[in-house]
Amino acid sequence: MNDMAPHLLIVDDDERIRSLLHKFLMRNGFLVTAARDAAHARRILSGLSFDLLVLDVMMPGEDGMSLTRAIRETSMTPILLLTAKGETEDRIAGLEAGADDYLAKPFEPKELLLRINAILRRMPETDEGETVPKVLHLGHVRYDIDRGEMWQGETPVRLTATEAQLMRIFSANPSEPITRAKLVEELGRDKGQAQERAVDVQITRLRRKLEEDPKQPRYLQTVRGAGYMLAPD
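In the nomenclature of an unreviewed UniProt entry, the protein corresponds to Two-component system phosphate regulon response regulator OmpR from the organism Shimia abyssi.

Right, dumping it as structure tokens:
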């Protein structure tokens, strides 16, 4: 997948569907971030820009319709709604809320892929100079997701290959805890406690480059019982 792959945000409270769509869309050339509910999506959207959002309508707490209306107040990012309801009135309500398209569950993943590509084709081309950089702000440090580059002011921060890989993993899942076992798997390492301890060492080194006080991390946090989490501004 190249650096210019469209970045999608999938918002669905069903972990099975989230995981299935994440894997399917990654295999089809997209960069994918997933959120478990509207509140989680809002945190992610506060620090990242996306090419298209796929929102489930029926979620606990704030539903997809409400989230769509809120997003439309400040953003024209394309939105595709997913719902168990397929009635005409619901489709109209979704479109009136600001969605670009509507897909009723259950659906074939291939149909979702066709809808996403159709929406992206309809988007006007932007000049290179107008492209919004996908950048995470981490206090005095910023991380360019597309380029995989970290900067402190105008000074580039040199990352090792493993540190760069970790930043790619964390930046695709901002504000989402990732277990040490999952990090080992994503890094392509053999499973086991030794590799998990090696990840701990890499995290410690990465914090020295990210944090003002690495011993009290603000941005690369330890989440008790859940692993590590990147928490951008």
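Here the narrative resumes.
Another point: the UniProt feature "modified residue: 4-aspartylphosphate" (unreviewed entry) in the protein. Under the UniProt annotation, "modified residue: 4-aspartylphosphate" (unreviewed entry) lies at Asp56. On the secondary structure map, Asp56 appears in strand S3 (residues 52–56). The contact partners of Asp56, leaving out residues within four places of it in the chain, are Val11, Asp12, Asp13, Gly64, Leu82, Thr83 and Lys105.

Attention now goes to the sheet that holds strand S5 (residues 101–104). Across the sheet, five strands lie side by side as S2-S1-S3-S4-S5; this open sheet has parallel pairing. The sheet is open, and its two borders are formed by strand S2 (31–35) and S5, each paired with just one other strand. Neighbouring strand axes in the sheet, compared pairwise and without regard to direction, differ in orientation by 20° on average. Note that strand S4 (residues 79–83) and S5 share four bridges and pair parallel. Directly across from Leu82, in S5, lies its bridge partner Leu103. The strands that helix H1 (residues 15–27) touches are strand S1 (7–11), S2 and S4; relative to S2, the one it contacts most, it runs at about 170°. Sitting on the sheet, helix H5 (residues 109–122) is in contact with S1, S3, S4 and S5, with an inclination near 180° to S5.

Turning our attention to the side chain of Asp144. Within the element layout of this structure, Asp144 appears in strand S7 (residues 141–144). Sequence-distant contacts of Asp144, defined by excluding residues within four places in its chain, comprise Lys134, Val135 and Glu149.

Before going further, it helps to spend a moment on the pairing of S1. Of all five residues making up S1, five are buried, and the element is well covered by its neighbours. Here S1 shows no split at all, with His7, Leu9 and Val11 on one side and Leu8 and Ile10 on the other all buried. Examined bridge by bridge, S1 and S2 share five bridges and lie parallel to one another. From the neighbouring strand, His7 faces S2, where its bridge partner is Leu31.

What counts as what
- Residues numbered from 1 in each chain as written.
- Predicted model: local features only at pLDDT ≥ 70, side-chain atom pairs only at ≥ 80, totals over all residues.
- Heavy atoms only, no water.
- UniProt positions renumbered as here; feature names shortened; annotations may be inferred.
- Helix = DSSP H or I, 4+ residues; strand = E, 2+ residues; numbered from the N terminus.
- Contact = heavy atoms within 4.5 Å.
- Pairing = 2+ DSSP bridges.
- Axes fitted to C-alpha atoms, helices over the stretch in contact; angles between N-to-C directions.
- Buried < 20%, exposed > 50% of the residue type's maximum accessible area, 1.4 Å probe, protein only.

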